[in-house]
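Residue-level listing of the chains:
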Amino acid sequence: MSDLVILHTNDMHHRLREEKAERLQHIAEQERARSVCLLLDAGDAVGAGNVTFHPAGEPILERMSAIGYDAMTVGNREFHFTEIGFHAKLSRARFPVLCANVRPRGEASLPVQPYLILTVGGVHVGIIGLTVPMITERMLSQHVSAYVFGDPVRRGCELAEELRPQVDLLIALTHIGLKRDIELARATDRFALIIGGHSHSVLEQPLREGKTAIVQAGSYARYVGRVCVELDDPVNIEGDLLALT
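Cut-offs used in this document
- Residues numbered from 1 in each chain as written.
- Predicted model: local features only at pLDDT ≥ 70, side-chain atom pairs only at ≥ 80, totals over all residues.
- Heavy atoms only, no water.
- Core = buried A, V, L, I, M, F, W, Y, C linked by side-chain atoms within 4.5 Å.
- Buried < 20%, exposed > 50% of the residue type's maximum accessible area, 1.4 Å probe, protein only.
- Helix = DSSP H or I, 4+ residues; strand = E, 2+ residues; numbered from the N terminus.
- Contact = heavy atoms within 4.5 Å.
- Patch = residues over 30% accessible without salt bridge, like charges linked within 9 Å, V, L, I, M, F, W, Y side chains within 5 Å.
- Areas by Shrake-Rupley, 256 points an atom, 1.4 Å probe, with all protein chains shown as cover.
- Salt bridge = Lys/Arg side-chain N within 4 Å of Asp/Glu carboxyl O.
- Lys, Arg positive; Asp, Glu negative; His and termini not counted.
- Charge placed at Lys NZ, Arg CZ, Asp CG, Glu CD.
- 1 Å grid on protein atoms, 1.4 Å probe; cavity = no way out; pocket = protein on both sides within 12 Å on 5 of 7 lines; lining within 4 Å.
- Points joined across faces, edges and corners; volume = space filled by probe spheres on them.
- Nonpolar A, V, L, I, M, F, W, Y, C, P; charged D, E, K, R; others polar.

### A short note on the nonpolar core
In a soluble, globular protein the nonpolar side chains are often hidden away together inside. Counting residues in hydrophobic clusters, the biggest one holds 38 residues, and the most contacted among them are Leu16, Leu61 and Met64. Put simply, the parts of the chain that give this core at least two residues each are strand 1 (4-9), helix 1 (18-34), strand 2 (36-41), helix 2 (59-67) and strand 8 (147-149). When neighbours within four sequence positions are excluded, Met64 is seen to be in contact with Met12, Leu16, Asp41, Ala45, Tyr69, Met72 and Phe95. Membership of the second largest hydrophobic core comes to 26 residues, among which are Val36, Leu40, Ala42 and Leu193.

What follows is the structure, given as structure tokens:
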């Protein structure tokens, strides 16, 4: 089996300007030309807040689609408590958007899916999306929200047990912060890799917690992370950061 290269970003906050986008696309094209490659984002790509939203959607998601992102997880910036707002925020993404720990209240529909299984280079890769809980059943705001969140660590562990037997490599694509990423890695050894966001952590090398490698690429589109996974030995994971400036 060949190695799998995973390029990852997080917390860009609508800072993926044209020059940085061109640099990212060049890096992605180089990696795709010489290896099996995925491009993932761990949330907060958009710059919108949680109260207002652009009815026409977020332009950065269209730019990410053009670059060829394979998936992203919902960040707190991508979430909206109304059905129309949540759908509008994600409407320009032409790739799967993931979140396993959110559920609708009543008849609302979800613009996200809990996980994704991709076959790349003959290898089955599972990706589970997990997001910081924005509105929970303990909050008064649940009464005006079309959605509520469950605990991401608990949900991640449950789904990992279900999916791990189905895939060769299991990834958590999270927007819960480095502290909770470590908590997730300690709670289950089913994930070979956690690609995180939310805490804006700059991890120049993967952080190892048991059998799991944890990575994160700072914020504001300053870096793209690059992870190399030996598919014959998924525990052997190396990574670094590439500057986009």
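What follows picks up the thread again.
### Section: a negative patch on the surface
Negative charge collects at one region of the surface, where Asp3, Glu230, Asp232 and Glu238 lie side by side. If you trace the backbone, Glu238 turns up in strand 14 (residues 237-243). Given a relative accessible area of 53%, Glu238 falls into the exposed group.

### A closer look at the layout of surface pockets
Computed from the structure, the largest pocket encloses a volume of approximately 330 Å³. The wall of the largest pocket is formed by 15 residues, among which Thr136, Phe149, Gly150, Asp151 and Arg154 lie closest to the centre. Every element with two or more residues in the lining of the largest pocket is listed here: strand 5 (102-104), strand 8 and helix 4 (152-163). With 3 residues, the single largest contributor to the lining of the largest pocket is helix 4. Across the lining of the largest pocket, the residue classes break down as 5 nonpolar, 3 polar and 7 charged.

### A word on unusual backbone geometry
Positive phi, close to 65°, is recorded for His14, a residue that is not glycine. Position of His14 among the secondary structure elements: in the loop between strand 1 and helix 1. Located in the positive-phi region is Tyr220, a residue other than glycine, with phi close to 60°. Note that Tyr220 resides in the loop between strand 12 (212-215) and strand 13 (223-229). Among the residues examined, Tyr220 registers a relative accessible area of 31% and is labelled partly exposed.

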